[in-house]
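Letter by letter, the chains look like this.
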Amino acid sequence: DFDGKPLLSSVDIHTAKKAVIEALPLADAAPLLDATGRARFVRGFGADGRVAVMWRPAAEWVAFEPAGFRPGTVAPQRITPDGRSLLLIGTRTDEALSGLYRFDLETGAVTTVLTDPDADIERVVTDLAGDAVIGVRVHADRPRHHWLDPEDATTKLYDMMERAFPDQFVSFTSATAD
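Cut-offs applied
Residues numbered from 1 in each chain as written. Predicted model: local features only at pLDDT ≥ 70, side-chain atom pairs only at ≥ 80, totals over all residues. Heavy atoms only, no water. Salt bridge = Lys/Arg side-chain N within 4 Å of Asp/Glu carboxyl O. Buried < 20%, exposed > 50% of the residue type's maximum accessible area, 1.4 Å probe, protein only. Pairing = 2+ DSSP bridges. Helix = DSSP H or I, 4+ residues; strand = E, 2+ residues; numbered from the N terminus. Axes fitted to C-alpha atoms, helices over the stretch in contact; angles between N-to-C directions.

(A) How the structure looks around the pattern of salt bridges. As enumerated under the stated definition, the model contains six salt bridges in all. For the salt bridge of aspartate 34 with arginine 40, the shortest nitrogen-to-oxygen distance reads 3.9 Å. With a relative accessible area of 16%, aspartate 34 lands in the buried category. The residue glutamate 151 makes a salt bridge to lysine 156 at a minimum N-O spacing of 3.1 Å. Judged by relative accessible area, lysine 156 falls into the partly exposed class, the value being 42%. One salt-bridge network, in which partners are shared between bridges, spans Asp116, Asp141 and Arg144.

(B) Spatial organisation of the sheet that holds strand 11 (residues 121-126). Spatially, three strands are ordered 11-12-13 in an open sheet, and the strand pairing comes out antiparallel. The strands lining the two open edges of the sheet, one partner per strand, are strand 11 and strand 13 (143-147). Averaged over all adjacent pairs, the angle separating strand axes in this sheet is 30°, with direction ignored. As paired strands, strand 11 and strand 12 (residues 133-139) are joined by five bridges and run antiparallel to one another.

(C) How the structure looks around unusual backbone geometry. In this model, aspartate 28 sits at a positive phi of 55°, which is unusual for a non-glycine residue. Examined against the element boundaries, aspartate 28 turns out to sit in strand 3 (residues 27-33). A relative accessible area of 57% means that aspartate 28 is categorised as exposed. For aspartate 167, which is not glycine, the phi torsion reads 65° and is therefore positive. Tracing the backbone shows aspartate 167 in the segment after helix 1 (153-164).

Printed below as a string of structure tokens:
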């Protein structure tokens with residue numbers, strides 16, 4: 001009986017053996033894993049067909065609806081490397097455009113990380129390893145990046161490539177250590 005709720009599975013790349021870890025609580029859910037590989041947040045569709053977000057602060061999944069955001073706009077992006085916060089994109093009830101926010105996993109406090117006065121935040125940009133959020137991408141008249149730390153090595157690489165290819169939008173799909 002298919003209910004549209006995906007299974008989170010692992011696959012051994014050497015033996016191709018598949019193991020089901022758990023069923024996710026929402027249809028068409030995209031999980032966000034913590035550093036241990038445990039699903040902590042999912043964004044998908046609830047029984048009513050609307051976009052929903054759930055999280056697992058302890059053993060059970062519960063609705064994730066931080067106060068002060070418009071319904072259906074909260075999109076978890078990354079758990080911070082220290083495991084203490086969630087970075088999310090959402091639209092505050094008193095704002096017209098979305099921003100990047102930090103949700104403290106222990107206290108529930110929400111702080112603004114970055115907003116753009118002219119455009120919604122489209123997505124986060126991570127370092128080349130995909131471990132840490134280093135900025136965001138917006139699209140007003142053209143795609144633009146906003147960086148959290150201008151001294152970050154990956155940020156400097158983006159800046160160098162954007163200077164080398166003026167009037168082009170730079171994006172990295174992969175990188176090697178050499």
